[in-house]
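Coordinate analysis (summary)
Here is what each chain is made of, one letter per residue.
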Amino acid sequence: MLEERRQDFAYREGEIDSVISKYRMITMCTYSFEKCNVAGIAEIVSNHQLFWLKRKENGSE
């Protein structure tokens, strides 16, 4: 079930990218890294031109 959701999300993200990549703009995608394993994080990073990772420390943002 989780793998199907991930594949569906990746498909939808690809569809969005095919539309917005025609325009000069900056978009931000947010992901909960606490819910990703190492392979998931690697996939996210490899599919984006730029990424910024922020880790919460001691419950603060």
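None of the values given here were measured: they were computed from a predicted structure.

**Notes on the overall build of the protein**
Regarding its fold elements, the protein presents 2 helices and 0 strands. Per-residue burial over the protein gives 3% buried out of 61 residues. Taken as a whole, the protein presents about 6,300 Å² of accessible surface, with 55% of it coming from carbon and sulfur.

**Notes on a nonpolar patch on the surface**
A contiguous nonpolar patch, built from Val19, Tyr23 and Met25 and spanning about 320 Å² of accessible area, is present on the exposed surface. Structurally, Val19 can be placed in helix H1 (residues 2-20). Look at Val19 and you get partly exposed, because its relative accessible area is 47%.

Criteria and cut-off values
- Residues numbered from 1 in each chain as written.
- Predicted model: local features only at pLDDT ≥ 70, side-chain atom pairs only at ≥ 80, totals over all residues.
- Heavy atoms only, no water.
- Helix = DSSP H or I, 4+ residues; strand = E, 2+ residues; numbered from the N terminus.
- Buried < 20%, exposed > 50% of the residue type's maximum accessible area, 1.4 Å probe, protein only.
- Areas by Shrake-Rupley, 256 points an atom, 1.4 Å probe, with all protein chains shown as cover.
- Patch = residues over 30% accessible without salt bridge, like charges linked within 9 Å, V, L, I, M, F, W, Y side chains within 5 Å.
- Salt bridge = Lys/Arg side-chain N within 4 Å of Asp/Glu carboxyl O.

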